[in-house]
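What follows is the residue order along each chain.
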Amino acid sequence: MSTSIDLLPPLRRPASRTDRVRDALRQAILEGSLPPGRPLVERELAEMLGVSKTPVREALKQLRFSGLVSVNALQGVSVRSSDAETARQLYTARLATEPAAVRMAVDVRGAGARPSARQALADAAASMDDADVTGLGLANRRFHRTLYIGCANTWLHLFLDQLQDLTAVVAARGWRLHATFQEEAAEHAAILHAVESGNAGMAELLMHAHIEKAKHTVLAALDHAERAST
């Protein structure tokens, strides 16, 4: 008679208040409602969200580990600020992992339509027509995620999820200073064509070139902004 714990169904627990607060703050950071450098005061956030300070405090601790918020010398918490060096490191990490993850995902799934990716491109185009920069950024990140999440490596796509969030926050200013919406749309379309055709090698090359170009564009904008402010 087997006594393996695997025979027991997993327990399903509702999301805690801390989890809900964390998710709300994360979404606000990614959408730009809480911009880079914005102080995160527990009392103010608790009032805004209609909760006590305790779940806010715990949520901020979790967001610190994710890298979305930082603590200054006086122990004040704020949304991570934009700076060129952090952006450079994040893009370098993405270059080392995301193109390979996309290749792996194509190898796993093979050729065929990617409806979720096509919907993300359609949403990005609609946001571009409406001059909705926030919606465009969210749709573009969703497009990237639909391509690498099929790599059949949970640790890799979780790592890339974190990199996507951090890149979005750190690079937001540079991306807005030097917007390349039309060029990015064309690059995304080419990448998706390679993916749907089952050409894993080409998808990897195009994704690498796409991220490399974004890296140079954002860093040039951030470097220029930092020089102008000194």
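Residues numbered from 1 in each chain as written. Predicted model: local features only at pLDDT ≥ 70, side-chain atom pairs only at ≥ 80, totals over all residues. Heavy atoms only, no water.

**Q** Just to check I follow, could you spell out unusual backbone geometry for this structure?
**A** Negative phi values dominate among residues other than glycine, just as trans dominates among peptide bonds. The backbone phi angle of Ala152 is positive, close to 65°, even though this residue is not glycine. Counting through the fold element by element, Ala152 comes out in the loop between helix 6 (133-148) and helix 7 (154-177). (Helix = DSSP H or I, 4+ residues; strand = E, 2+ residues; numbered from the N terminus.)

**Q** Can you walk me through the side chain of Arg94 in this structure?
**A** The residue Arg94 is located in helix 4 (residues 84-109) in this model. Given the relative accessible area of 6%, Arg94 is considered buried. Every residue in contact with Arg94, bar those within four places of it in the chain, is listed here: Pro99, His144, Leu163, Gln164, Thr167 and Ile211. (Buried < 20%, exposed > 50% of the residue type's maximum accessible area, 1.4 Å probe, protein only. Contact = heavy atoms within 4.5 Å.)

**Q** Honestly, the environment of His208 in this entry has me stumped. Any pointers?
**A** Topologically, His208 is positioned in helix 9 (residues 200-228). Between the C-alpha atoms of His208 and Ala100, which are 108 residues apart in sequence, the distance is 8.7 Å. With sequence-adjacent residues up to four places away left out, His208 is seen in contact with Leu95 and Pro99.

**Q** Would you mind showing me how to read the layout of surface pockets here?
**A** If a probe the size of a water molecule is rolled over the atoms, the empty space left behind becomes visible. Looking at the second largest pocket, its volume works out to about 260 Å³. The biggest single contributor to the lining of the second largest pocket is helix 6, with five residues. Within the lining of the second largest pocket, the residues separate by chemical class into three nonpolar, two polar and six charged. (1 Å grid on protein atoms, 1.4 Å probe; cavity = no way out; pocket = protein on both sides within 12 Å on 5 of 7 lines; lining within 4 Å. Points joined across faces, edges and corners; volume = space filled by probe spheres on them. Nonpolar A, V, L, I, M, F, W, Y, C, P; charged D, E, K, R; others polar.)

**Q** Got a minute to help me understand empty space enclosed by the protein in this structure?
**A** The tally for this structure, following the rule as stated, stands at two cavities of 30 Å³ or more. Space inside the second largest cavity adds up to approximately 40 Å³. What lines the second largest cavity is Ala105, Val106, Arg109, Arg114, Thr146, Leu147, Gly150 and Val195. For the lining of the second largest cavity, the secondary structure elements donating two or more residues are helix 4 and helix 6. If one sorts the elements of the lining of the second largest cavity by residue count, helix 4 sits on top with three residues. Partitioning the lining of the second largest cavity into residue classes produces four nonpolar, two polar and two charged.

**Q** What's the story with the nonpolar core in this structure? I'm lost.
**A** Considering soluble globular proteins, one finds that nonpolar side chains tend to be buried as a cluster. Counting residues in hydrophobic clusters, the biggest one holds 54 residues, and the most contacted among them are Leu25, Leu40 and Leu147. Top element by residues in this core is helix 4. It accounts for nine residues. Beyond its immediate chain neighbours, meaning those up to four positions away, Leu40 contacts Leu34, Leu45, Leu60, Val69, Val77, Ser78 and Val79. (Core = buried A, V, L, I, M, F, W, Y, C linked by side-chain atoms within 4.5 Å.)

**Q** It is not clear to me how the packing of helix 2 (residues 42-49) against helix 3 (residues 53-66) should be interpreted in this structure. Could you clarify?
**A** In helix packing, the relevant descriptors are the interaxial angle and the interaxial distance, both defined with respect to the helix axes. Running from amino to carboxyl end, helix 2 crosses helix 3 at an angle of 115°, the nearest separation of the two axes being 9 Å. Classified by the angle their axes make, helix 2 and helix 3 are roughly perpendicular. Remark: the crossing between helix 2 and helix 3 carries right-handed chirality. Two secondary-structure elements touch here, helix 2 through Glu42, Arg43, Leu45 and Ala46 and helix 3 through Lys53, Val56, Arg57 and Leu60. Residues of the contact of helix 2 with helix 3, tallied by class, amount to four nonpolar, no polar and four charged. (Axes fitted to C-alpha atoms, helices over the stretch in contact; angles between N-to-C directions. Parallel < 35°, antiparallel > 145°, perpendicular 65-115°, else oblique. Left-handed = near helix turned anticlockwise from the far one by under 90°.)

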